[in-house]
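Letter by letter, the chains look like this.
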2 protein chains.
Amino acid sequence: MGFESKSKLFNVKIIDLDLHRNLIIMNSDDAEELGVVTNNIVLVTAGDYSAYAMVITSKTVTQPGVVALSTQTASALRVSEGDMVGVKPIGLPTSFNALKKRMSGVKLSESEMKSIIQDVVNGIYGEAEIAAFLISQLYHELSEEELSYLVKAMVETGSKLVFEETVYDVHSIGGVPGNSKVALITVPIVAASGLLIPKTSSRAITSPAGTADTMEVLARVDLTIDEIVEIARKVKGVLAWGGKLNLAPADDIFVNIERRLSIDPEQQMVASILSKKLAMSVERLVIDIPVGRGAKVEKVSLAEKLAGLFIRQAGLLGVTIRVALTYGGQPIGTSVGPALEAREALEALIERKGSRSLIDKAILLAGLVMELSGRVQPGQGEEVAREIFVSGKAYEKFKQIIEAQGGNPETKPSDIPIGSHTYTLTSPLEGAVTHIDNTAISLIAKACGAPYDKRAGVKLHAKVGYRVNKGDPLITLYSDSASRLETAVRLLRDLQPIIVEGMLLRTLP
Amino acid sequence: MGFESKSKLFNVKIIDLDLHRNLIIMNSDDAEELGVVTNNIVLVTAGDYSAYAMVITSKTVTQPGVVALSTQTASALRVSEGDMVGVKPIGLPTSFNALKKRMSGVKLSESEMKSIIQDVVNGIYGEAEIAAFLISQLYHELSEEELSYLVKAMVETGSKLVFEETVYDVHSIGGVPGNSKVALITVPIVAASGLLIPKTSSRAITSPAGTADTMEVLARVDLTIDEIVEIARKVKGVLAWGGKLNLAPADDIFVNIERRLSIDPEQQMVASILSKKLAMSVERLVIDIPVGRGAKVEKVSLAEKLAGLFIRQAGLLGVTIRVALTYGGQPIGTSVGPALEAREALEALIERKGSRSLIDKAILLAGLVMELSGRVQPGQGEEVAREIFVSGKAYEKFKQIIEAQGGNPETKPSDIPIGSHTYTLTSPLEGAVTHIDNTAISLIAKACGAPYDKRAGVKLHAKVGYRVNKGDPLITLYSDSASRLETAVRLLRDLQPIIVEGMLLRTLP
């Protein structure tokens with residue numbers, strides 16, 4: 001329209017405020033003159049560097065002619081106090097028309113999708129626009145082409161790791177308590193077989209433990225890109241936290257808003273997982289979809305639909321994939337919470353046995369990964385993986401990984417500290433355990449303090465199908481805080497997550 | 001779920017940051033201990049006062065044990081530096097389930113709708129949730145009941161003005177340049193007839209002038225509630241700005257996000273208008289829907305649908321209503337921009353004549369208001385209103401209103417300063433004006449600086465249907481800034497907003 005706005009120059013102050021986005025504090029008079037108001041986005045430039053930042057106005061924090069940049073913004077622009085920066089209002093974002101199209105269900109081209117994701121990553125959009133992009137998917141599903149454009153755009157707007165060999169990976173969509181430790185067994189088996197598996201994973205967001213939280217009990221997980229590449233070269237297996245690696249950074253922005261709105265568009269979940277994997281250069285991937293009551297996917301038919309989505313997208317994106325539907329109707333293994341799960345995984349590797357829901361699952365997934373390599377015949381993966389597990393090679397490999405990641409490879413399960421405040425619930429009668437409620441177990445473990453208190457969580461003494469006698473322990477709660485334990489115990493009584501056949505549920509009134 | 005979080009006490013600092021919402025800066029360590037992160041909402045309490053505020057974390061702006069409150073937040077809590085406040089994380093907002101229901105198209109009850117609006121006004125929700133509420137309306141239209149619940153909730157969560165007599169009002173949905181001055185004639189006519197018409201209106205948001213901007217050229221419009229009640233009692237008519245009166249405050253929050261997303265759900269527009277009117281205790285209301293090319297509503301059929309929505313809602317809410325569809329296919333009167341429009345309205349009142357698109361419209365609307373009183377027979381309103389206008393009583397009343405609002409009642413049109421930099425476009429040939437483009441006229445007036453530069457705008461020397469000779473002036477642009485005028489002139493050449501029959505539009509190449 002010919003409205004070329006000019007950049008004005010300002011003296012820089014730095015203010016240590018963390019808003020999870022670039023921030024500039026401007027004097028109200030300067031803002032008015034520039035034609036911007038609080039919450040607007042401006043382009044800030046310093047030499048060759050530029051950043052989009054959100055405006056907050058003030059009458060006194062900055063005098064006219066001075067702007068205060070948040071530490072993060074100043075560092076993105078490589079400026080120090082006293083330097084000059086240019087500030088310029090921005091018009092409608094380039095991708096705004098594409099966003100409007102998406103909202104009305106019109107299919108986007110690859111470049112339109114790319115422009116939206118680029119603007120999201122650049123911080124041009126606020127929460128409202130990001131919410132609009134995500135919510136549009138609830139009403140107008142992305143086409144398969146649009147979804148692949150989305151994944152590609154999410155990868156291209158972030159960092160990408162490059163390895164010298166073919167990269168393998170395994171990823172569980174999660175949602176079942178106790179699942180975070182599975183990778184601590186799968187990854188060493190695969191790496192011990194000679195395949196490269198530099199796994200990055202997230203910390204728990206809404207669950208009591210993520211794989212990164214659990215691995216962190218034993219070693220560092222906040223590895224840099226260089227460290228990951230180096231460790232992968234040396235020991236083939238990595239169990240790192242992906243959070244600070246700038247892999248598909250749009251995903252973190254999306255996940256934050258999805259959580260706020262408590263929405264989880266299926267396609268966005270697929271995009272989230274595949275984009276992180278592509279950013280790690282993964283070419284062969286096994287996806288685990290736990291299915292069962294209280295899991296993220298409750299019905300096999302829905303899991304099959306989701307699996308189809310993964311398979312078609314992987315095809316469009318050039319990733320060889322296998323999807324496993326595993327049983328997720330009760331917790332995996334017998335523990336929930338970072339330290340307890342790290343203990344359980346380590347014990348299983350050392351003793352070469354353990355809860356079947358853990359061991360069998362870890363071996364099965366490792367076997368599938370190995371079959372993708374072509375070195376193992378289809379249908380033979382599980383056997384080969386079990387051999388590596390039982391021979392102790394998996395434990396040897398895990399020790400190498402722990403050491404490479406700066407942990408102590410000689411750590412024994414009992415060396416791992418767990419919550420000092422405990423409470424054990426015993427069975428009120430003899431009978432069979434008929435139900436363990438995933439959701440309730442997660443809530444109780446979180447009430448104990450997991451994942452932030454790594455020592456917090458729960459241990460299950462019985463699983464569905466076990467027979468128990470009156471007075472046998474059913475579950476033990478661990479916490480480092482007496483008051484959190486108390487809250488968790490109240491919740492345990494309220495939710496009754498473990499049902500023994502014939503148990504009295506309530507007396508009324 | 002039994003997670004009762006406790007309030008922690010902090011020492012107060014005050015920081016002058018304006019974020020259009022409550023803000024608290026917490027030391028990162030305090031935030032972690034409290035279990036909150038940047039962007040979370042916390043409840044801040046001080047004695048009997050409490051406020052929800054958004055958290056920004058910092059390592060240095062506040063030391064542990066100290067929080068910095070924005071000036072607005074401190075004033076809401078009546079605290080000063082050194083006072084103590086309690087800070088407590090909040091769980092899921094009470095209305096979150098209702099919001100989720102709305103997103104999936106399930107009808108809301110009155111109390112569910114109220115709870116959402118209450119949480120919006122309390123600042124518990126961020127942009128993402130507010131966007132979700134608005135966007136849901138694009139995909140799942142509100143039912144008529146839900147819409148009436150929405151209007152009631154918007155009124156109940158704000159201030160309400162009470163008058164001793166029946167309150168009348170007239171409101172245009174706008175969208176046509178030059179329309180802001182109509183009320184400067186309608187309101188005095190109605191008030192001169194003895195009816196109470198305390199009109200509040202908004203400043204321009206996306207247009208070159210709102211009624212409040214134009215009236216402000218002649219008198220104060222930032223009146224307090226007490227002043228409005230007092231002036232209404234004294235002179236019957238008021239032309240005030242409603243922005244700071246806390247009338248249906250949810251509306252301002254919604255409008256801000258709608259503008260960002262460039263969405264304008266029809267029902268939300270109806271809710272916006274009716275809630276502001278109900279907060280002013282309006283019982284009899286005339287709604288003006290300008291219809292025509294470049295207006296907000298382009299087709300009569302759509303205007304009729306919108307009118308039906310207004311009529312049914314007014315019925316549900318106990319407001320007696322008339323809706324007028326007026327011609328909005330070209331600008332109203334001959335001027336666009338606050339000072340130019342104030343001049344035009346004042347001139348019309350003094351000289352008792354003027355552009356018919358202005359005079360006839362103002363009289364027609366005033367007549368409809370008067371018919372609602374029952375004192376004037378149906379069909380007679382226009383005649384009675386014209387008599388008041390022509391007799392000079394309307395001008396006398398306008399002078400009283402100007403004086404009551406602190407302006408100079410003796411101001412003459414030529415006393416009103418207009419932009420010193422001007423440019424006049426003349427007709428390149430003899431012929432009839434066949435088209436004036438509303439959208440282009442608005443853009444050009446805004447490029448001149450309107451509404452912020454009150455003296456900026458455009459004057460039309462010819463309207464559609466006028467015959468012009470070669471060299472006759474078509475339009476004059478006014479601005480206080482030479483560079484803005486230059487931009488506007490470029491835009492004028494580019495957009496060609498006035499077409500004279502037979503005019504050459506372009507030569508190519």
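Going along each chain's sequence as written, the residues are numbered from 1 onward. In the order they appear in the text, chains get letters beginning with A and ligands get numbers beginning with 1. Only residues with pLDDT of at least 70 are given local features in this predicted model, and only at 80 or more are side-chain atom pairs given and counted; all residues enter the totals for whole chains, interfaces and linings. Working from all heavy atoms in the structure, the side-chain values ignore hydrogens and water.

As named in an unreviewed UniProt entry, chain A is AMP phosphorylase, taken from Desulfurococcus amylolyticus DSM 16532.

Caption draft 1: Geometry of the relation of the copies chain B and chain A. Superposing chain B onto chain A takes a rotation of 180 degrees plus a shift of 0.1 Å along the axis, which leaves an RMSD of 0.1 Å. Both copies are brought into coincidence by an operation consistent with a two-fold rotation axis. It is A128 of chain B whose C-alpha, among those of chain B, lies nearest the rotation axis, at 2.4 Å. Interface residue correspondence from chain B to chain A reaches 100%, placing this contact among same-surface, isologous pairings. Superposition of the copies was done by least squares, using only C-alpha atoms of residues whose pLDDT is at least 70 in both. Should any heavy atoms of two residues lie within 4.5 Å, those residues are counted as being in contact.

Caption draft 2: Highlighting the sheet that holds strand 11 (residues 320-327) of chain B. Residue and element names in this part refer to chain B. Spatially, 7-10-11 is the arrangement adopted by the three strands of the open sheet, whose pairing is parallel. With partners counted over all chains shown, the strands left at the sheet margins are strand 7 (167-172) and strand 11, one partner each. Across the sheet, the mean angle separating the axes of adjacent strands is 15 degrees when strand polarity is ignored. Lines fitted to C-alpha atoms define the axes here, with helix axes fitted over just the stretch in contact, and angles between the N-to-C directions of these axes take values from 0 to 180 degrees. The numbering of helices and of strands both runs from the N terminus, where a helix is a DSSP run of H or I of at least 4 residues and a strand a run of E of at least 2. Sitting on the sheet, helix 12 (residues 300-317) is in contact with strand 10 (282-291) and strand 11, with an inclination near 165 degrees to strand 11. In this scheme, strands are said to pair when DSSP sees at least two bridges between them.

Caption draft 3: Broad picture of the environment of K393 of chain B. All names here are of chain B. Along the chain, K393 falls in helix 16 (residues 393-404). Considering only alpha carbons, one finds K393 and L349, 44 residues apart in sequence, at a separation of 9.2 Å. K393 has contacts with A192 and I388, leaving out every residue within four places of it along the chain.

Caption draft 4: Highlighting the interface of chain B and chain A. With 45 residues of chain B in contact, the opposing surface of chain A contributes 45 residues. Buried area, as used here, totals the accessible surface that two parts lose on assembly, with accessibility defined by a 1.4 Å probe and the loss added over both. For the pair chain B and chain A, the two sides together bury roughly 3800 Å², of which 63% comes from carbon and sulfur. When the buried surface of chain B facing chain A is broken down by residue, D16, Y139 and R260 of chain B rank first, second and third, together holding 16% of it. Definition used for salt bridges: Asp or Glu carboxyl oxygen within 4 Å of a side-chain nitrogen of Lys or Arg. Across the chain B-chain A interface, the total number found is two salt bridges. A salt bridge links R260 of chain A to E129 of chain B; the shortest N-O distance between them is 2.6 Å. Any N or O atom pair separated by 3.5 Å or less is treated as a polar contact, with the protein-specific requirement of one donor-capable and one acceptor-capable atom, and with residues adjacent in sequence counted only for side-chain atom pairs. At the boundary of chain B with chain A, the tally comes to 21 residue pairs in polar contact (both at pLDDT 80 or more). Of all the elements in the fold, those that place two or more residues in the side of chain B that touches chain A are strand 4 (49-58), helix 3 (96-103), helix 5 (127-139), helix 10 (249-261), helix 17 (438-448) and helix 18 (482-495) of chain B. For the side of chain B that touches chain A, the element with the highest residue contribution is helix 5 of chain B, accounting for nine residues. Each residue gets one label: Ala, Val, Leu, Ile, Met, Phe, Trp, Tyr, Cys and Pro are nonpolar, Asp, Glu, Lys and Arg are charged, and the others, such as Gly, are polar. Residue composition of the side of chain B that touches chain A, by class: 24 nonpolar, 13 polar and eight charged.

Caption draft 5: View of unusual backbone geometry. The omega angle of the peptide bond from A450 of chain A to P451 of chain A is 0 degrees, so this bond is cis rather than trans. The topology assignment puts P451 of chain A in the loop between helix 17 (438-448) and strand 15 (457-460). At S281 of chain B, a position not held by glycine, the phi torsion is positive, near 60 degrees. By the secondary structure assignment, S281 of chain B is in the loop between helix 11 (266-279) and strand 10.

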